[in-house]
Amino acid sequence: MIISLKKKIISKLKDLNYKIKYFFKIQRIPDIFDHINIETTSLCNLKCKFCAYDKRDFDIYPKSTMKIDMFNNIVNQSLNLGYRKIGLTPSTGDIFMDKNILEKLSLLDEKQNYEGYFFYTNFIPINHSQIEKILLKSKKLIKFGISIYGHDNVTFQKFCGGSENAYKRLIDNLNFLLKLCEKNPNIKYKFEIGQRTEKNFLLEENDSQLSSIIKQFKNKYKVFYTANSFYDNWGGLVNERDVRDLNIDLHTNEIKKYGSCSLIYSRMTIGANGLVNACACRDANFTLRLGKVENEKLKDIISLKNEKYKDLIERQEKNDFDDVCRSCSFYKSIYKNNYPTWILRNQKKNYLNLNETLKILQKR
């Protein structure tokens, strides 16, 4: 009873602090030059029940893979605008479903005047040759993450709709990566493992083949590891019926929203078909689209000169949100001290207020 009351009081105080910051316009926007996301493919090899991949409208945002010429053009424009990193994780897909991904990564390795690229993958479509080439020979890879679904063969298939062969391939690839780490202890970049599985799962108490491998990564190589059984609703695309047999917590209630979401400034994406979307995280149908690089320059799309972008910012600051944002439980208000996105974790963070950000966008 006392603990419950304490939580309610803390929640009320946080909400009051939130409102005060909104009233006095005290904002924290992550450095918008840290990175931009480029989706090389919107294809995925899995159909996770908690993901929007197979629930999105393929007429609105069809499956596609970016052509190498378009990719090169977008990368060049992004670096010319001053972005320091390139994120390659698709909104709903896997980077290694792109048959030309090695060519694109080689292109990134040759680019100058930027820090490098990063990505997340379910680590199934990749093969041993690709793992070795990318992880040992890449000049510009700075970080990558591996998404694990379930904690054994049964839960893997239940969570992501994968086959037993897909599970075996995951195990095989993880074991191959372990051996690479053993042979190459001076690998310079960092990687992490994010596991999504059932409530009350404890890695240290589980003895499945998959858990054994993950524990080796944690104990031998200090890999950053997270386990999660709390899921958001992908802007309303995922509901309780989709995940009813998964034993997880799904955030279905609308959360209080004050002011614009930081993702529309610091985590936007360019889709595989060239659409520039204001959110890289939870807008699977790319409804917050700002323009298309085939028709316009990137500097004119991600700019206050673009009326679509300017209108989006102004409306969100007035708490007028599009449908996907209104339903979204992943919303990160610029008036809150939100936890950092994974690529910003454990690095010095530079924050801007809204006026500083708008001045940058106005100059483009």
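Look up a bit, the structure's there.
Scanning the protein chain from N- to C-terminus turns up 12 helices and 13 strands. If one aligns the C-alpha atoms of the protein chain with their principal axes, the spans along those axes are about 60 × 50 × 40 Å. At a minimum sequence separation of 6, the contacts of the protein chain that also span at least 24 residues come to 76%. Surface exposure of the protein chain reaches about 17,700 Å², of which carbon and sulfur atoms provide 49%.

We now examine the sheet that holds strand E10 (residues 269-270). Here nine strands make up an open sheet; going across it, the order is E7-E6-E5-E4-E3-E2-E10-E11-E12 and the pairing mixed. Each end of this open sheet is capped by a strand with a single partner; those strands are strand E7 (224-228) and strand E12 (289-292). The pairing of strand E2 (residues 36-38) with E10 spans two bridges and is classified as parallel. Considered in E10, the bridge of Ile38 is made with Ile270.

A few words now on the packing of helix H4 (residues 128-137) against helix H6 (residues 164-183). For the pair H4 and H6, the least separation of the axes is 10 Å and the interaxial angle reads 40°. Between H4 and H6, the interaxial angle falls into the category oblique. When you trace H4 past H6, the crossing you get is right-handed. Of the residues in H6, those in contact with His128, Ile131, Glu132, Leu135 and Leu136 of H4 are Asp172, Asn173, Phe176, Leu177 and Leu180. Each residue belonging to the contact of H4 with H6 can be placed in one class, and the counts come to six nonpolar, two polar and two charged.

Right, let's talk about the pairing of E7 for a bit. Where strand E6 (residues 190-196) and E7 come together, five bridges link them in parallel fashion. Each residue of the ladder has a partner; that of Ile193, found in E7, is Tyr225. As a crossover connection, the stretch from E6 through helix H7 (residues 209-221) into E7 is right-handed.

Secondary-structure assignment places Tyr18 in helix H1 (residues 2-23). Residue classification places Tyr18 among the buried residues on the basis of a relative accessible area of 2%. Expressed as a C-alpha distance, the spacing of Tyr18 and Tyr225, which sit 207 residues apart in the sequence, is 30 Å.

Right, let's talk about the pattern of salt bridges for a bit. This structure, assessed with the given rule, holds 23 salt bridges. With a closest N to O distance of 3.5 Å, Glu115 and Lys85 form a salt bridge. Of this pair, Glu115 sits in the loop between helix H3 (101-110) and strand E4 (116-121) while Lys85 sits in strand E3 (residues 85-87), and the two are 30 residues apart along the sequence. Of the residues examined, Glu115 reaches a relative accessible area of 40% and is grouped as partly exposed. By relative accessible area, which is 4% here, Lys85 ends up buried. Its salt-bridge partner being Arg315, residue Asp311 comes within 2.8 Å of it at the nearest N-O pair. Of this pair, Asp311 and Arg315 both sit in helix H10 (residues 307-317), four residues apart, which is roughly one turn of that helix. By relative accessible area, which is 35% here, Asp311 ends up partly exposed. For Arg315, a relative accessible area of 21% translates into the label partly exposed.

This next bit is on the packing of aromatic side chains. Tallied over the full model, the rule gives 18 aromatic pairs. Relative to Tyr258, the ring of Tyr22 has its centre 6.0 Å away and its plane inclined at 40°; by these criteria the two rings are tilted. Of the two residues, Tyr22 sits in helix H1 while Tyr258 sits in the loop between strand E9 (249-250) and helix H8 (263-266), which places them 236 residues apart along the sequence. The interplanar angle of 85° and the centroid separation of 5.7 Å between the aromatic rings of Phe321 and Tyr331 together place this pair among those described as edge-to-face.

Reading guide: rules and limits
Residues numbered from 1 in each chain as written. Predicted model: local features only at pLDDT ≥ 70, side-chain atom pairs only at ≥ 80, totals over all residues. Heavy atoms only, no water. Helix = DSSP H or I, 4+ residues; strand = E, 2+ residues; numbered from the N terminus. Contact = heavy atoms within 4.5 Å. Areas by Shrake-Rupley, 256 points an atom, 1.4 Å probe, with all protein chains shown as cover. Pairing = 2+ DSSP bridges. Axes fitted to C-alpha atoms, helices over the stretch in contact; angles between N-to-C directions. Parallel < 35°, antiparallel > 145°, perpendicular 65-115°, else oblique. Left-handed = near helix turned anticlockwise from the far one by under 90°. Nonpolar A, V, L, I, M, F, W, Y, C, P; charged D, E, K, R; others polar. Right-handed = clockwise from strand over helix to strand, strands pointing away. Buried < 20%, exposed > 50% of the residue type's maximum accessible area, 1.4 Å probe, protein only. Salt bridge = Lys/Arg side-chain N within 4 Å of Asp/Glu carboxyl O. Phe/Tyr/Trp six-rings, centres within 6.5 Å; stacked < 30°, edge-to-face > 60°.

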